[in-house]
Amino acid sequence: MRKLVVLDTHILIAYVRGTLGDGGKAGSLFDALREAEENRGLVVSAATFWEIELIRRSPRNDLSALPATDALIWSLRSKGVATVPVTPEIAVHAVCLLNEGFHKDPMDQFITATAISENAALATQDRAIRKWAAEFGAPRLTPFD
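This is a predicted model, so every value here is computed, not measured.

Right, let's talk about helix 6 (residues 106–117) for a bit. Between its terminal C-alpha atoms helix 6 stretches 16 Å, which fits the 16 Å expected from 12 residues at 1.5 Å a residue. Among the residues making up helix 6, those that are buried are M107, D108, Q109, I111, T112, A113, T114 and A115.

Dropping the structure here:
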């Protein structure tokens, strides 16, 4: 069975830039993403592309090394990375995460709800998401050491 891994925005940016180090440890995030990539199990929420466009408009944006977002989407799809739309069910679930103590960042809500709806692991460095996941047991998080 293929393991799916949803990439949060910052992990996606590092993945595209090639700046995810392996940390020298077996079982690292780098290893998990490489395995998912080989099995065509990488997934990105449509909300992530919205967030990337917001970051591009920020004065502190550091995305100059990334291709334009439409080219980025095409490039990812050509590599077998799946893109998942924000469905009405994901949108409602994203808001309902607040009932479980999830923090108020709507992009994190959408991305986490996507991982849950896809029964996928979530690759994230976000401390708030990781703390919430440890308390509630979902979504599964890829190793990040």
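Anyway, onward from the coordinates.
Before going further, it helps to examine the packing of helix 3 (residues 46–56) against helix 4 (residues 69–78). Close contact between helix 3 and helix 4 brings their axes to 11 Å; oriented N to C, the two are set at 145°. Seen from above, helix 3 lies across helix 4 with right-handed handedness. Each of F49, I52, E53 and R56 in helix 3 lies in contact with helix 4, whose residues at this interface are T69, L72, I73 and L76. A breakdown of the residues in the contact of helix 3 with helix 4 according to their chemical character gives 5 nonpolar, 1 polar and 2 charged.

With that out of the way, let us pick up the pairing of strand 2 (residues 42–45). Here strand 2 shows a buried face lined by L42 and V44 and a second buried face lined by V43 and S45. By the bridge criterion, 3 bridges tie strand 2 to strand 3 (residues 82–84) in an arrangement that is parallel. Its bridge partner being in strand 3, V44 is matched across the sheet by T83.

Grouped together as the largest cluster of nonpolar side chains are 23 residues, with contacts concentrated most on V5, L7, L12, Y15, L33 and L42. Contributions of two or more residues to this core are made by strand 1 (5–7), helix 1 (9–17), helix 2 (29–38), strand 2, helix 3, helix 4 and strand 4 (121–123). The element contributing the most residues to this core is helix 1, with 5 residues. Aside from chain neighbours lying at most four places away, what touches Y15 is L7, L20, E37, L42, L76 and V81. By size, the runner-up hydrophobic cluster in this structure holds 16 residues, among which are L4, V84, A115 and A133.

Looking now at the sheet that holds strand 1. Taken in spatial order, the 4 strands of this open sheet run 3-2-1-4, and their pairing is parallel. The sheet is open, and its two edges are formed by strand 3 and strand 4, each paired on a single side. Sheet twist, expressed as the mean angle between neighbouring strand axes with direction ignored, is 35°. Note that strand 1 and strand 2 share 2 bridges and pair parallel. Residue pairing in the sheet places V5 in a bridge with L42 of strand 2.

All chains considered together, the criterion is met by 2 aromatic pairs. With a centroid separation of 5.0 Å and 80° between ring planes, the pair formed by F102 and W132 is classed as edge-to-face. Taken as a pair, F102 in the loop between helix 5 (88–96) and helix 6 and W132 in helix 7 (residues 127–136) lie far apart in primary sequence, 30 residues in all. When sorted by exposure, F102 lands in the same class as W132, which is buried. Relative to F136, the ring of W132 has its centre 5.6 Å away and its plane inclined at 25°; by these criteria the two rings are stacked. Of this pair, W132 and F136 both sit in helix 7, 4 residues apart, roughly one helical turn. Taken together, the aromatic side chains of F102, W132 and F136 make up a single cluster linked through ring pairs.

Conventions and cut-offs
Residues numbered from 1 in each chain as written. Predicted model: local features only at pLDDT ≥ 70, side-chain atom pairs only at ≥ 80, totals over all residues. Heavy atoms only, no water. Helix = DSSP H or I, 4+ residues; strand = E, 2+ residues; numbered from the N terminus. Expected span 1.5 Å × (residues − 1). Buried < 20%, exposed > 50% of the residue type's maximum accessible area, 1.4 Å probe, protein only. Axes fitted to C-alpha atoms, helices over the stretch in contact; angles between N-to-C directions. Left-handed = near helix turned anticlockwise from the far one by under 90°. Contact = heavy atoms within 4.5 Å. Nonpolar A, V, L, I, M, F, W, Y, C, P; charged D, E, K, R; others polar. Pairing = 2+ DSSP bridges. Core = buried A, V, L, I, M, F, W, Y, C linked by side-chain atoms within 4.5 Å. Phe/Tyr/Trp six-rings, centres within 6.5 Å; stacked < 30°, edge-to-face > 60°.

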